[in-house]
Amino acid sequence: MTTPATTSALDETTPAQRRRRRLPDPFPRLTDWSLALGVGLGFLTGLISLISGQPGDWLIFALHGAVGFWLLALLWGKLRRTLPRLLHPRRWDRRTVLGALATLLVLLALGTGIWWVFGGDAPPIVFNLLGWHIALGFALTALVALHLLARAKPLRSRDVRGRRQALRFGALALGGALLWPAQQLANQALRLPGVAERFTGSRDAGAHTGNAFPSTSWVADAPLPITPNSWRLTIGGAVAHPYTLTYADLLAHTDRLDAILDCTSGFYTLQTWQGARIGALLTAAHPHSDAIYVRVVSITGYRWSLPIAEANNALLATLVEGEPLIHDHGAPVRLVAPGRRGFQWVKWVTRIEALTTPDPGELLAIHTSSLTPAGRGER
Ligand SMILES: Nc1nc2c(c(=O)[nH]1)N[C@H]1C(S)=C(S)[C@@H](COP(=O)(O)O)O[C@H]1N2
Ligand SMILES: [Mo]
């Protein structure tokens, strides 16, 4: 990141401006490392937030918000010192340009996130606003990591020890942490559009509306519609008696569940789902005693697994609000996993399997399924 500016005789600035500009950051390394730490924490909490959706997970979203405001406070301090140089293109060198780029990226990543929690929106260009926030978060983290590898100045003990450093570090962190609840209160007090957001940041797309809620894919899964009469569900894996079911067999199950589908692209919808509890289907296959996970597999290869106790209470849904699911929502049958984020609600399910070990490969499968012939919509 940039060093304090040096002045040149050609400057048309006032002596007061020059004095302020020459005032160096007393702890530049602490500032830069704090910024790097903030970006790292923001990335980590952001990543975890994508798989968080249980009410008890609110803390991860609060941490992400607090880290964001902490970064804003740090950036404010840094910009006050570096802005004069940034505003004079004549005094730029390669490092200034890189620093300016990084600063712009931080500002955009923070801006999109903050604008979103206030309830703001933007016309979708490739991504919606939240999608841009996520993409910018990835880009920023990569840039900061490269920057650290290339030219990080090690943090010496004199950069971090001492009362003034500790006070300033603590004040900025506390300030950031308090700005998050302040933002939430502002939403409430001023009735800003952000009040309508769930703790996950997702916005209501309507409740009990049947098939009318939005539909989406994690990447680009777009299989051909499935003919219910030729469709079969296989129950297998670590079980004693694997078997298959027809659509009619499955329709005979009338377990019902109210659950919120909450997509990481920022919408949620509460619906009453109907179908078969996975527990009922699995018991009939006599899972081995060491089965600990259940994997739910789509015709596209998309798949996700749940711990067996959780899976037993999850639903393979054929109906939403009494209507047969439409193709876009995963007809003939989809997974309904209460408390899990939408990307785990596998659509177009063709197989469930008991597993004796976790399935880390699912993380890859959800990104590659749309490249398979079935995922691309080929026969
Ligand atoms: N097979 C498959 N299932 C999938 C997806 C996908 O891409 N492929 N996308 C997931 C994502 S990201 C979400 S949010 C929900 C969306 O469900 P909907 O289209 O019914 O709203 O489906 C999930 N199930
Ligand atoms: Mo999603």
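### A look at the overall build of the protein
Then, in step 1: Scanning the protein from terminus to terminus reveals 12 helices and 11 strands.
Then, in step 2: With the C-alpha coordinates of the protein rotated into their principal frame, the extents come out at 85 × 45 × 40 Å.
Then, in step 3: In the protein, which comprises 379 residues, the proportion classed as buried is 44%.
Then, in step 4: Here the protein displays about 19200 Å² of accessible surface, and carbon together with sulfur accounts for 66% of that area.
Then, in step 5: Side chains of the protein give 37 positive and 24 negative charges; the mean places of these two sets differ by 18 Å.

### Considerations on the nonpolar core
Then, in step 1: If you look at the biggest cluster of nonpolar residues, it comprises 47 residues, and the most contacted ones within it are L233, W273, I278, L281, L316, L335 and I352.
Then, in step 2: Apart from the residues lying within four places of it in its own chain, the contact partners of L233 are Y243, T244, L245, L250, L281, L316, V349, T350, R351 and I352.
Then, in step 3: In terms of nonpolar packing, the next biggest core, distinct from the first, is built from 23 residues, V39, A66, V117 and V144 among them.

### Comments concerning the pairing of strand β4 (residues 255-263)
Then, in step 1: In terms of strand pairing, β4 meets strand β5 (residues 267-277) through 9 bridges, oriented antiparallel. Considered in β5, the bridge of D255 is made with G275.
Then, in step 2: The hairpin formed by β4 and β5 contains 3 residues between the paired strands, and G266 there has a positive phi angle of roughly 110°.

### Points about the pairing of strand β2 (residues 232-237)
Then, in step 1: Both β2 and strand β3 (residues 243-246) contribute to a ladder of 4 bridges, which runs antiparallel. Bridge assignment links T234 to a residue of β3, and that residue is T244.
Then, in step 2: Remark: 5 residues form the turn of the hairpin made by β2 and β3, two consecutive strands paired antiparallel.

### Points about unusual backbone geometry
Then, in step 1: Of note, the amide linkage connecting A331 to P332 takes the cis form, showing an omega dihedral of 10°.
Then, in step 2: Along the chain, the position of P332 falls in the loop between β9 (323-324) and β10 (334-336).
Then, in step 3: With a phi angle near 55°, H286 is a residue other than glycine that sits in the positive phi range.
Then, in step 4: With respect to the helices and strands, H286 occurs in the loop between α9 (278-283) and β6 (293-298).
Then, in step 5: Take H286: its relative accessible area is 46%, and that puts it in the partly exposed class.

### Focus on helix α5 (residues 129-151)
Owing to its 3.6 residues per turn, the α-helix aligns residues three or four sequence positions apart on the same side.
Then, in step 1: Spanning 23 residues, α5 covers 32 Å between terminal C-alpha atoms, matching the ideal 33 Å at 1.5 Å per step.
Then, in step 2: Along α5, the residues classified as buried are L129, L130, G131, H133, L136, L140, T141 and V144.
Then, in step 3: Capping the start of α5 is the job of one residue whose side-chain oxygen sits 3.3 Å from the backbone nitrogen of L130: N128.

### Quick look at the domain arrangement of the protein
Then, in step 1: The assigned domain composition of the protein is domain 1 (4-196) and domain 2 (210-371).
Then, in step 2: For domain 1 and domain 2, the distance between their C-alpha centroids amounts to 40 Å.
Then, in step 3: With 12 residues of domain 1 at the contact, the number on the domain 2 side is 8 residues.
Then, in step 4: Buried area between domain 1 and domain 2, both sides added, is near 710 Å², and the carbon and sulfur share of it is 50%.
Then, in step 5: Per-residue buried area on domain 1 facing domain 2 is highest for L50, I51 and Q54; these three make up 49% of the total on that side.
Then, in step 6: Our count for the domain 1 to domain 2 interface comes out at 0 salt bridges.
Then, in step 7: Taken together, domain 1 and domain 2 are joined by 3 residue pairs in polar contact (both at pLDDT 80 or more).
Then, in step 8: Counting only elements with at least two residues in the side of domain 1 that touches domain 2, the list comes to α2 (28-50) and α5.
Then, in step 9: Per-class residue counts for the side of domain 1 that touches domain 2 are 7 nonpolar, 5 polar and no charged.

### What to know about the site of ligand 1
Then, in step 1: What surrounds ligand 1 is a group of 22 residues, the closest being T216, D221, H329, R334 and K347.
Then, in step 2: Note that a nitrogen atom of ligand 1 is positioned 3.0 Å from one of the backbone N or O atoms of W345.
Then, in step 3: Protein chains bury 99% of the 530 Å² of accessible surface belonging to ligand 1 in isolation.
Then, in step 4: In the shell around ligand 1, the residues fall into 11 nonpolar, 7 polar and 4 charged.

### Concerning the pattern of salt bridges
Then, in step 1: Scanning all chains against the criterion turns up 12 salt bridges.
Then, in step 2: One salt bridge in this structure joins R203 and D121, with 3.6 Å as the shortest N-O distance. Placement of the pair is R203 in strand β1 (residues 203-204) and D121 in the loop between α4 (94-117) and α5, with a sequence separation of 82 residues.
Then, in step 3: The salt bridge involving E378 is made with R376; its shortest N-O contact spans 3.0 Å.
Then, in step 4: Its relative accessible area of 41% is what places E378 among the partly exposed residues.
Then, in step 5: Taken together, the shared-partner salt bridges connect R295, R303, R351, E353 and D359 into one network.

### Structural notes on α4
Then, in step 1: For α4, which comprises 24 residues, the first-to-last C-alpha distance of 35 Å matches the rise-based estimate of 34 Å (1.5 Å per residue) to within 8%.
Then, in step 2: Immediately beyond the C-terminal end of α4, within one or two residues, lies G119, with a positive phi of roughly 95°.

How each quantity is defined
- Residues numbered from 1 in each chain as written.
- Chains lettered and ligands numbered in written order.
- Predicted model: local features only at pLDDT ≥ 70, side-chain atom pairs only at ≥ 80, totals over all residues.
- Heavy atoms only, no water.
- Helix = DSSP H or I, 4+ residues; strand = E, 2+ residues; numbered from the N terminus.
- Buried < 20%, exposed > 50% of the residue type's maximum accessible area, 1.4 Å probe, protein only.
- Areas by Shrake-Rupley, 256 points an atom, 1.4 Å probe, with all protein chains shown as cover.
- Lys, Arg positive; Asp, Glu negative; His and termini not counted.
- Charge placed at Lys NZ, Arg CZ, Asp CG, Glu CD.
- Core = buried A, V, L, I, M, F, W, Y, C linked by side-chain atoms within 4.5 Å.
- Contact = heavy atoms within 4.5 Å.
- Pairing = 2+ DSSP bridges.
- Expected span 1.5 Å × (residues − 1).
- Polar contact = N/O pair within 3.5 Å; in protein donor to acceptor, adjacent residues only side chain to side chain.
- Domains from an automatic or database assignment.
- Buried area = accessible area lost by both parts, 1.4 Å probe.
- Salt bridge = Lys/Arg side-chain N within 4 Å of Asp/Glu carboxyl O.
- Nonpolar A, V, L, I, M, F, W, Y, C, P; charged D, E, K, R; others polar.
- Near = heavy atom within 4 Å.

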